[in-house]
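# Structural overview
Residue-level listing of the chains:
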Amino acid sequence: MISGPKHLEHIVAYKPGASVEEIRREYGLTNVEKLASNENPLGPSPLALEAAAAAMRTADRYGDGGAALRQRLAEFHQTSADRISVNNGSDALIHQIMRTFLLPGESALSCHGGFVSFGIAVRTVGVEPKMVDLSPDYRFDVEALAAAVDHNTKIVYIPNPNNPTGTHITSDELTWLLDRVPTSTLVVLDEAYYQYATYLAPDTYPDAIAMDRPNVLALRTFSKAYGLAAFRIGYAVGAASVISWLQRTKLPFDPNAIGCAAAVAALDDHAFVQRTVEINAHGLEVLGSALREADYRTTNSVANFVMVDCGTPALAATFHRSLLEHGFISRPLGGFGLPHCVRISTGTSDQNQRLAATLSELRTVLTA
Ligand code: PLP
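Residues numbered from 1 in each chain as written. Predicted model: local features only at pLDDT ≥ 70, side-chain atom pairs only at ≥ 80, totals over all residues. Heavy atoms only, no water.

### Thoughts on the domain arrangement of the chain
As a reminder of what qualifies: Domain start and stop points were drawn from an automatic or database domain assignment. In this description, contact between two residues means that some pair of their heavy atoms is separated by no more than 4.5 Å. Each of two parts loses accessible area, computed with a 1.4 Å probe, when they are put together; buried area is these two losses added. Counted as salt bridges are all cases of a side-chain nitrogen of Lys or Arg within 4 Å of a carboxyl oxygen of Asp or Glu. Pairing of N or O atoms within 3.5 Å defines a polar contact, subject to two protein rules: one partner must be a possible hydrogen donor and the other a possible acceptor, and residues neighboring in sequence count only if both atoms are side-chain atoms.
Per the domain assignment, the segments of the chain are domain 1 (6-44 + 271-361) and domain 2 (46-266). For domain 1 and domain 2, the distance between their C-alpha centroids amounts to 24 Å. The interface is formed by 33 residues belonging to domain 1 together with 32 residues belonging to domain 2. Interface of domain 1 and domain 2: buried area, both sides summed, is about 2,700 Å²; carbon and sulfur atoms make up 70% of it. Taken as a group, Pro44, Val302 and Phe336 account for 25% of the area that domain 1 buries against domain 2, more than any other trio of residues on that side. Scanning the region where domain 1 abuts domain 2 turns up zero salt bridges. Put simply, domain 1 and domain 2 have 11 residue pairs in polar contact (both at pLDDT 80 or more) between them.

### Quick notes on the pairing of strand 6 (residues 186-190)
Cut-off, in case you're wondering: The buried label applies to any residue whose accessible area, calculated with a 1.4 Å probe on protein chains only, is under 20% of its type's maximum; exposed applies above 50%, and partly exposed to all values in between. Think of it this way: any DSSP run of H or I at least four residues long counts as a helix, any run of E at least two long counts as a strand, and we number them from the N terminus. Strand pairing is assigned whenever DSSP identifies at least 2 bridges connecting the two strands. Handedness of a crossover is defined as follows: with both strands directed away from the viewer, a clockwise route from the first strand across the helix to the second makes it right-handed.
The element strand 6 is largely enclosed, with a buried count of five among its five residues. Judged by which residues are buried, strand 6 turns out to be covered on both faces: Leu186, Val188 and Asp190 on one side and Val187 and Leu189 on the other are all buried. In this sheet, strand 6 lies alongside strand 5 (residues 153-159) in parallel orientation, the contact comprising five bridges. Paired with valine 156 across the two strands is valine 187, which belongs to strand 6. Note on the crossover from strand 5 through helix 7 (residues 171-178) to strand 6: the handedness is right-handed. Pairing of strand 6 with strand 7 (residues 216-221) involves four bridges; the strand directions are parallel. Among the inter-strand pairings, leucine 189 is bridged to a residue of strand 7, identified as alanine 218.

### As for the site of the ligand
The condition is simple: We call a residue near a molecule or strand when any one of its heavy atoms sits within 4 Å of it. Residue type decides the class: Asp, Glu, Lys and Arg count as charged, Ala, Val, Leu, Ile, Met, Phe, Trp, Tyr, Cys and Pro as nonpolar, and the leftover types, Gly among them, as polar.
Taken together, Gly89, Ser90, Asp91, Phe115, Asn163, Asp190, Ala192, Tyr193, Thr221, Ser223, Lys224 and Arg232 are the residues near the ligand. Between the ligand and arginine 232, the relevant distance is 2.7 Å, taken from an oxygen atom to a side-chain nitrogen or oxygen of the residue. Here the element with the most residues in the shell around the ligand is helix 4 (residues 89-101); it accounts for three residues. Residue classes in the shell around the ligand are distributed as three nonpolar, five polar and four charged.

### Let's talk about the sheet that holds strand 9 (residues 297-298)
Which entries qualify depends on this criterion: For every element, the axis is a line fit to its C-alpha atoms; helices are fit only across the contacting stretch, and the angle between N-to-C directions ranges from 0 to 180 degrees.
Spatial strand order, 9-10-13-12: four strands in an open sheet with antiparallel pairing. Looking at which strands have only one partner, the edges of the open sheet turn out to be strand 9 and strand 12 (331-332). Sheet topology places strand 10 (residues 305-309) next to strand 13 (residues 341-345); five bridges connect them, and they run antiparallel. Paired with phenylalanine 305 across the two strands is serine 345, which belongs to strand 13. Strands in contact with helix 12 (residues 270-293) are strand 9 and strand 10; relative to strand 10, the strand with the most contacts, it is inclined by about 15°.

Written as structure tokens, this is what we have:
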């Protein structure tokens, strides 16, 4: 029998949640809304779809390994292409960063209750992640992170805003932390929800790309505000020296050429992104007031989802099931280390209105 290495034994394989079709059948429902994966309720950017359809005609050819996309991103961010690396979604970049920079014996630091890919990626290279707690209001705790950094810390990972809590660290907090981290430590700011956060918290939300610090690496994705999750395109922006290491470990023809063409076109679809962030802001307002009025425990989210603290894992399971019975697929957060919480993505205006009414109705589930 072939056995895998010991350090992979505790990694749990990703299990996709139930599909709309499965829930329809199981609960005998006609209308089921999947609000479990923070996707764009408007669908893909139409400009991107057109470009992808055109690119399909040359699907028999290898692509350029993201060269044209890097160039276009450089223009978009008013920087040079040697400061940008692209890959199969920011998930792939998180794994690639660990594979490239982290060695057994070194340490990688983040918070419990942060984005799950970090822990999996760190364990994949044979390192046990070092985790500090979130603050009581479910925010990344910069003081706890600063206290946990030592000479051995190779990477600090901060999803900003964080998934699944939706909370963000401010520009002042980030600067304070960076001033306390050695320049030999790579600080990864995962900005998967950047467009939503800049729209919702313009005065306090930091832009890691604009900070232009040699040990800061920003991650962005086309999966959320551009509506291109299935194409798997993400990118990293940082110092040219950091990017040059990522370029060495990237597979030659990743990310796929059709996705790259879609992403290049999506960067021109400003109207689509604008509509996306406006619908999301309205959705957060509608869901936020339903949650506050019914006295749910929730966070101050600047992303495209809300998180409900149900008190206990059992109540979270009941709440999740009750939402299913009402036709809403949400995400229980056991896998994120928050088994007493449930995350729900914002949807279209109609979905948000119906979800808000359901949330008001379901409050009693958590007091039973
Ligand atoms: N980072 C964060 C914080 C996320 O929430 C997600 C997806 O939900 C990702 C990265 C992965 O995004 P991608 O589709 O670009 O791999």
